[in-house]
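# Understanding the architecture of this molecule
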Amino acid sequence: MNSVLVASNRGPVSFTVSDDGVLTMKRGGGGLVSGLSGVAKDYGVLWVCAALSDGDRSAVRQSPSGRLDQAGYDTGALRMLDILPATFHRAYNAVANSTLWFVNHLLYDIPNAPTFGSRFQREWESYRDYNGAFALALAEEAAHGARVMVQDYHLTLTPAMLRAERPDLRIAHFSHTPWAPPEYFSLLPDAVAHEVLEGILGADHAGFLTERWAAAFMDCCERLLGAQVDRSGRTVAHEGRTTRVGVHALGVDGEALWARACEPDVESHMAALRDEVGDRKLIVRIDRTELSKNIVRGLLAYREFLAAHPEWHGRVVHLAFAYPSRHDLPEYREYTASVQRCAQEIEDEYATEDWNPLILNVNDDYPRSLAAYRLADVLLVNPIRDGMNLVAKEGPVLSPRCALVLSREAGAAAELGEHALVVNPYDVIDTAGALHRALVMPEDERMRRRDSLEAAATALPPQKWLSAQLDALNYDFS
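Summary of the structure given here.

Calculation rules
Residues numbered from 1 in each chain as written. Predicted model: local features only at pLDDT ≥ 70, side-chain atom pairs only at ≥ 80, totals over all residues. Heavy atoms only, no water. Pairing = 2+ DSSP bridges. Helix = DSSP H or I, 4+ residues; strand = E, 2+ residues; numbered from the N terminus. Axes fitted to C-alpha atoms, helices over the stretch in contact; angles between N-to-C directions. Contact = heavy atoms within 4.5 Å. Buried < 20%, exposed > 50% of the residue type's maximum accessible area, 1.4 Å probe, protein only. Salt bridge = Lys/Arg side-chain N within 4 Å of Asp/Glu carboxyl O. Parallel < 35°, antiparallel > 145°, perpendicular 65-115°, else oblique. Left-handed = near helix turned anticlockwise from the far one by under 90°. Right-handed = clockwise from strand over helix to strand, strands pointing away. Phe/Tyr/Trp six-rings, centres within 6.5 Å; stacked < 30°, edge-to-face > 60°.

In spatial order, the strands read β5-β4-β1-β6-β7-β8-β11-β10-β9; together these nine strands make up an open sheet with mixed pairing. With one partner strand each, in any of the chains shown, β5 (78-81) and β9 (228-230) form the two edges of the open sheet. Strand-to-strand twist across the sheet, computed as the mean angle between neighbouring axes with direction ignored, equals 20°. Relative to strand β11 (residues 241-247), strand β8 (residues 205-208) runs parallel, the two sharing four bridges. If you follow Phe208 over to β11, its bridge partner there is Val247. Where helix α5 (residues 158-165) meets the sheet, it contacts β6 (142-151), β7 (170-175) and β11, and its direction lies at approximately 175° from that of β7.

Right, let's talk about the environment of Ser63 for a bit. Within the element layout of this structure, Ser63 appears in the loop between α2 (54-61) and β5. Here the alpha-carbon distance between Ser63 and Leu188, two residues 125 residues apart in the chain, equals 39 Å. With residues near it in sequence (within four places) discarded, Ser63 still touches Leu68, Ala71 and Tyr73.

Moving on, we get to α2. Here α2 has its buried residues at Gly55, Asp56, Arg57, Ala59 and Val60. Turning to α2, the residues buried within the fold contact β2 (13-17), β3 (23-27), β4 (46-50), β5 and α3 (85-104).

Right, let's get into the pattern of salt bridges. For the structure shown, the criterion picks out 32 salt bridges. One salt bridge in this structure joins Arg57 and Asp54, with 3.6 Å as the shortest N-O distance. Of this pair, Arg57 and Asp54 both sit in helix α2, three residues apart, which is roughly one turn of the helix. Judged by its relative accessible area of 9%, Arg57 falls in the buried class. Taking the relative accessible area as the measure of exposure, Asp54 reaches 58% and is therefore exposed. Two residues, Arg450 and Glu454, come together in a salt bridge whose shortest N-O distance is 3.0 Å. Taken together, the positions of Arg450 and Glu454, both in helix α17 (residues 443-457) and four residues apart, correspond to about one turn of that helix. Taking the relative accessible area as the measure of exposure, Arg450 reaches 9% and is therefore buried. Several salt bridges share partner residues, and in doing so they unite Arg67, Asp69, Arg79, Glu140 and Glu141 into one network.

What follows concerns unusual backbone geometry. The peptide bond linking Ala113 to Pro114 adopts the cis configuration, its omega dihedral lying at 5°. Counting through the fold element by element, Pro114 comes out in the loop between α3 and α4 (118-141). Notably, Arg234 is not glycine yet its phi reads approximately 55°, a positive angle. Looking at the secondary structure, you find Arg234 in the loop between β9 and β10 (235-238). With a relative accessible area of 25%, Arg234 lands in the partly exposed category. Phi angles above zero are rare outside glycine, and Asn294 is one such case at about 70°. If you trace the backbone, Asn294 turns up in the loop between β12 (281-288) and α11 (295-308).

With that out of the way, let us pick up the packing of α4 against helix α7 (residues 190-200). α7 packs onto α4 with a crossing angle of 15° between their chain directions and a minimal axis gap of 12 Å. What the angle tells us is that α4 and α7 run roughly parallel. Of the two possible hands of crossing, α4 and α7 adopt the one that is left-handed. Contact residues: α4 offers Phe120, Trp124 and Arg128, while α7 offers Val192, Glu195 and Val196.

On the secondary structure map, Asn2 appears in strand β1 (residues 2-7). Once residues lying within four places of it in the same chain are set aside, the contact partners of Asn2 are Leu46, Arg67, Glu141, Ala142, Ala143 and Ala146.

Counting buried positions over the eight residues of strand β13 (residues 316-323) gives eight, a clear majority of the element. Burial along β13 is two-sided: the residues Val316, His318, Ala320 and Ala322 and Val317, Leu319, Phe321 and Tyr323 are all buried. Traced from β12 through α11 to β13, the parallel crossover comes out right-handed. Pairing of β13 with strand β14 (residues 358-361) involves four bridges; the strand directions are parallel. By the bridge assignment, Ala320 is partnered in β14 with Leu360.

A separate point is the packing of aromatic side chains. The description of two aromatic rings rests on the distance between their centres and on the angle between their planes. By the definition in use, this model includes 17 aromatic pairs. Judged by centre distance (4.9 Å) and plane angle (80°), the rings of Phe174 and Trp465 are edge-to-face. In this pair, Phe174 sits in strand β7 while Trp465 sits in helix α18 (residues 462-472), placing the two residues 291 residues apart along the sequence. Judged by its relative accessible area of 1%, Phe174 falls in the buried class.

Here it is as structure tokens:
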């Protein structure tokens, strides 16, 4: 039995299966995995996650009760859940990623979407079943009085479900996304909005990355549930229970990140990038082709920059990593295609025989991303809305002279904004101007800002982030 457990949709590892049935394990993707993988092992945490692929399901079926660590895999304590593919698809794609993500990132095209009918009711039942599978697994694995940390919008119902199964447990829920204000959150059907909020309120502690997102959650609880909210004390009282609300910014482990960034595969990528870029200045972005990441407007801003500053032609390269994301959803496939079209238009307009102004990379390659960080003169992070954004923190740690152009709508702006060039993510002319200011920034200012960014980015590494929430669960909730 385990005294500390973490539950999330995505786990610390993923598997691929070859045609001859051989399984290959690699590091899991996403910001949550980046933040928690190392510290989970250090704390002896049992991680409960879902099987996301055929490779994952093959690994689970070869492991007793889905415990991969007990089947000989070097995963740390890990239980992976083999949820029925149809249930998983409806819960993950139709509800979590097409509904809750869209609501909290304010992404809907309101005149046309959303529409909640009988199909959504079936999808919501699958989301309930998916959350129930996690609650059951956690109830089975947790020791008496254990502390359980449930992660993100995929698992908003799990805290209340787990509370019903195991009232002895100390439960936290953490939201890695923004939280919508009540007038937007109420786009959800009333019963669904209430169920999400009450699901999280099943936890003893509800955590958020910034004050802004925590305040929005409390506003929703007050407005939609009629809950009693104490904003100064950060508590929400509803139906006889009180949930404490915490703000826990997530930073990076600078030492661990540097150690990984100095390994031979990264050094090899650095040499290749230097050959490709030459002595030109390098503007870097590293994102998934996620709608909220605003990659197209970032490319348009670079195009505006080239148009306004012909003196930089031949002297700068934009290296844009846009890793495909959620291609099961048509909106994401189209967005990836839009990114590729925009990149091609920039190349067609400005490329010469001896200068390629833009290098677009769509193949997920973590070592190459680390190499790009190390070489970056400018890092562009311009989401239209983001819970935190670890890219904004990783870049200044690894680049010795990085200037950060940062959207004011990124959660990281609360910590890094003073030392970054902050932009309106919708204003491509403003962003183009910031790119130019970043490139011509005097060296002493560049170094001063970069050092401050690094200090802020590493002030709350994953170890402290996890410890703070575990400590919060030691609070006397009686």
